[in-house]
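# Architecture and fold: a report
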Amino acid sequence: MKTDVLIIGGGPAGLSAAIETASRGLDVTIVDEASQLGGQLNQQTQVMRQLPSVYEPMRGFELANKLIELIKDCNVRQLLNHRVVGFYADGSVGITDEENVFPVKAKKIIVASGAAEKAVAFPKWTMPGIMTIGAAQTLINRDFVMPGREAVIVGSSDFAMETAIQLMDVGIRVKAIIEKQSGALAKEQEKVSELSRSGIPFYFNSFIKEARGNGQVEQIDVALPDEVITLNVDLVCMDGGRAPILDVFYQLGCSFGFQEELGGWVPQYNNRFQTDREDVFIAGNAAGITTQGPLLLTGMIAGISASEELQAISPAEANEMREALWKELGLLEYREVYSGRVKHLENFASPVLKDQFIS
Amino acid sequence: METNYETIVIGGGVVGSGIAYHLSERYKEGVLVLDKKYPMSGTSGSTQAWVWVHNKTPSWYAEFNMYSAELYPYLSKKIGDVEYKRTGGLSPFFNESDREKAQKLAESYRKIGIKIKVLSREEVLEKEPYMNPEVAGATYSSIDGNVNPFRLIDMYMRAAKRNGVRYSTYNKVTEIKKQDGKYSVVSDKGAFECKNLILAGGTWSREIGDMLGVKIPVNQLRGQILVSEPLKPFLNFTISGLRQANNGEVLMGYSMEEAGFNRATTLDVIQETANMAVQYVPGLRKAKIVRAFSGIRAMPEDGFPILGKVPGHENLYVAATHSGVTLSPLIGTLITELIMDGETSIPIDRYSLSRFG
Amino acid sequence: MDKTTIICRCEEISCEEVEEVISNGGRTFDDVKRITRCGMGPCQAKICTSMVAEIIHQQTGLSPSEIPLPRMRMPLSPIKLETLATNSTSFSTVKSVLDEVELEEGKVR
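Residues numbered from 1 in each chain as written. Chains lettered and ligands numbered in written order. Predicted model: local features only at pLDDT ≥ 70, side-chain atom pairs only at ≥ 80, totals over all residues. Heavy atoms only, no water.

All right, on to the domain arrangement of chain B then. All names here are of chain B. Split into domains, chain B comes out as domain 1 (4-47 + 150-217 + 302-356), domain 2 (89-141) and domain 3 (219-300). One C-alpha centre belongs to domain 2, the other to domain 3, and the line joining them spans 21 Å. Taken together, the contacts link 12 residues of domain 2 with 11 residues of domain 3. When domain 2 packs against domain 3, close to 1100 Å² is buried across both sides, 59% of that on carbon and sulfur atoms. Looking only at domain 2, the three residues that lose the most surface to domain 3 are Phe94, Glu128 and Tyr130, adding up to 46% of its buried area. For the pair domain 2 and domain 3, the number of links is zero salt bridges. Seen at the junction of domain 2 and domain 3, the total is eight residue pairs in polar contact (both at pLDDT 80 or more). (Domains from an automatic or database assignment. Contact = heavy atoms within 4.5 Å. Buried area = accessible area lost by both parts, 1.4 Å probe. Salt bridge = Lys/Arg side-chain N within 4 Å of Asp/Glu carboxyl O. Polar contact = N/O pair within 3.5 Å; in protein donor to acceptor, adjacent residues only side chain to side chain.)

This part covers the side chain of Lys108(A). Residues and elements named next belong to chain A. By the element assignment, Lys108 lies in strand β8 (residues 101-111). Taking relative accessible area as the criterion, Lys108 reaches 12% and is therefore assigned buried. Here the side chain of Lys108 touches Glu309 through a polar contact of 3.2 Å, side chain to side chain. For Lys108, the contacting residues outside a window of four places in its chain are Asp4, Val5, Leu6, Asp279, Phe281, Ala306, Glu309 and Leu310. (Helix = DSSP H or I, 4+ residues; strand = E, 2+ residues; numbered from the N terminus. Buried < 20%, exposed > 50% of the residue type's maximum accessible area, 1.4 Å probe, protein only.)

It is worth spelling out the sheet that holds strand β14 (residues 207-212) of chain A at this point. Backbone hydrogen bonds hold the strands of a sheet together, and the pairing may be parallel or antiparallel. All names here are of chain A. What the three strands build is an open sheet, ordered β14-β15-β16; its pairing is antiparallel. The outermost strands of the open sheet, each flanked by one partner alone, are β14 and β16 (228-232). For this sheet, the mean angle separating the axes of adjacent strands, direction not counted, is 25°. Taken together, the five bridges between β14 and strand β15 (residues 219-223) define a ladder with antiparallel strand orientation. Across the sheet, residue Ile208 finds its bridge partner in β15, namely Val222. (Pairing = 2+ DSSP bridges. Axes fitted to C-alpha atoms, helices over the stretch in contact; angles between N-to-C directions.)

All right, on to the interface of chain C and chain A then. Accessible area lost upon the coming together of the parts serves often as the stated size of an interface. Contact residues are listed per partner, giving 28 residues for chain C and 30 residues for chain A. Both sides together, the interface formed by chain C and chain A hides about 2500 Å², and carbon and sulfur atoms give 63% of it. The largest contributions to the chain C side of the interface with chain A come from Leu69(C), Met72(C) and Leu76(C), which together make up 27% of the buried area. Put simply, chain C and chain A have nine residue pairs in polar contact (both at pLDDT 80 or more) between them. Listed by contribution, the elements that provide at least two residues to the side of chain C that touches chain A are β1 (6-8), α3 (49-60) and α4 (81-84) of chain C.

Residues Leu242(B) and Leu284(B) are the most contacted members of the largest nonpolar core, which totals 116 residues. For Leu284(B), the contacting residues outside a window of four places in its chain are Leu231(B), Phe234(B), Leu242(B), Val250(B), Met252(B), Ala277(B) and Leu81(C). Core analysis: the next-biggest nonpolar cluster, separate from the first, contains 67 residues, Val15(B), Tyr156(B), Val165(B) and Ile331(B) among them. (Core = buried A, V, L, I, M, F, W, Y, C linked by side-chain atoms within 4.5 Å.)

Counted by the stated rule, this structure contains 39 salt bridges over all chains. Each member of the salt-bridge network shares a partner with another, and the members are Lys108(A), Arg272(A), Glu308(A), Glu309(A) and Arg322(A).

A separate point is the interface of chain C and chain B. Taken together, the 45 residues of chain C in the interface contact 59 residues of chain B. When the buried area of chain C at its contact with chain B is split by residue, Arg34(C), Leu81(C) and Leu98(C) rank highest and sum to 15% of it. Linking chain C with chain B are four salt bridges, by the criterion used here. Joining chain C to chain B, the criterion identifies 24 residue pairs in polar contact (both at pLDDT 80 or more). Taken together, the elements giving at least two residues each to the side of chain C that touches chain B come down to α1 (15-23), α2 (29-36), β3 (79-80), α4 and α5 (97-100) of chain C. Looking at chain direction, strand β16 (residues 288-300) of chain B and β3(C) are connected through two bridges and run antiparallel.

What follows is the structure, given as structure tokens:
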């Protein structure tokens, strides 16, 4: 199979890259493991207000539908229930439909592989009933399954606060929010206030000392600064933060840098969202953990840059659009994330990790 | 850290650590192993780790491998469980026309006392019921087997350290100088002095030799290997091309590519290896592959080990070879004899660096 | 971290086992992996990477940027052998052992 642009990952960033490339007449292929496009948006029920100016505020799953509708009119080949296995020596991407593995030769590749959640280790954290906040969110919003009745959340990021509210909305009792730092990490204070108003205690400088249960979590010991308390719970949601998913970039031979504000190790890229493998572009959380609006913007910039290299748009026009999108990114993105991104760009020529296959 | 040593070994892989351990049996202090990363991060940690004799040619080289394989049971008694299993080795062939070649191999081995049987299709299937019934035959040798390479090197290191050997890891050698009859080895973490210097740099032997103006003609040969999820034990033998590990994982692969120091894997070779595996053992079709890895073999220019004293350099020794896993107990023993006694119990003149002129 | 805490759930490797490798000179995730099998199971280190990095950081003082990523491998996720296989029986880079036996004047060399 041949295509102009292969987009790996059909979440918000991949879809916005698809819109930018396909609307300019390029032959675009999206590959995604899931049976529907939209990625994490599909289980996000909260209203997203900080979107790029071309989008009205809407709920996550509504945004997914909107993006999918926008690519419908263009020439986009959708390889759903397909996954990338690896790469051939000639640079073709090996994709499987679970029957066979076949090569896809793409002129440009845009990787929007997203982010993975990190777990929080404590004794017996591998017991059933203990899961990441994302897993809990997927269960309630996508699968309509109640993961438990009485929960605690370990961690206090925006994502954790959002999930705590959604758990309460479906009738799960949130007994505490446990944070090892001395204050809530969420940037949107209103969610923290909303939870406090509902009477949910925040235990700061605290951590889970141990979980117990018979085949399923039943009880946890929480180490507070000056005492240990025991809570009866059947659900522990862990917020260990998120990190970019890197395996595709690693196999493609891209270089990496470390940027705490972007989630740790991140592929190196320039202001065109182009990696140091010139035919490979990057978009979305893979390029640094951020919020929905900026995710879309990174996909748009990557799509425009790939279109420019394939001469579907003039360099002058591309530059102008990129500049405007970067400006918007600076407005929509949390300040420390944006400045981390700018720092990351500056390291493009001097990556910490490169030539990973040369021994 | 102590900077003066009787003996320094450059390279802590299976060859270097094997030598360090065997040396430590004879003298307790004064051995330092330098490794640019951590042992196992190179060739020794990316191998199927067959302990393999049976297709090595000429027969004198097979004999050399056999002596080493014979040392394994004793080695595991000394250093601890390295998961060595003398399973016997099977090399299947699928064309009847290969039988003649197999018989010639068996014939040439008979003269040196290595028993190789050429099996019929029925005999192969009786030994290894999951082998493809379309197999034409196989060569079989009872001395072949495999070992867990990680356990092997870890145990070498632990035993050596117990005997007083020092390891300095993540410490790359950058320069070697000869001063007043001693060697000064300059590394990232400072300079070390020694009387005896052993070059066991594996794939990097050429680069290390260059530091002393010694040409060690070792090239790189890449192999790619697939690993399955753990399966219930069902393979009895070390089959040339695949084996089942103690934890049930099946390791598959026997590929050769010239790719320098590039350790990438490619789907081209991964798929070809998958074809080999399902041809040999069709029952593997449903098994899931969880990872693939590449190893860079150290391959001397003529294919044979380079062992012994470096001509024209006093107290300088080299041990560079492929099949390091199979040969490490013997190489460790012989290099130790050479240093301690000035001669070896098995002649190694044939493996001298001098043969390259 | 409690010594008995499981770090790698696929291979059931505890914090203590990880720490031992580091105290013996290991510095990277891959050093830990080769000696303990931490990260070698079905998930291929997708969950334990950051925990191991944290332990290395705590024990050695290395900053996160000095602790390299683990080697990532194909296949990017587990895949059946039959899906990978194309069922061709002609080989180029993959050899059979008998291929390697060299004959000279009709005799094994």
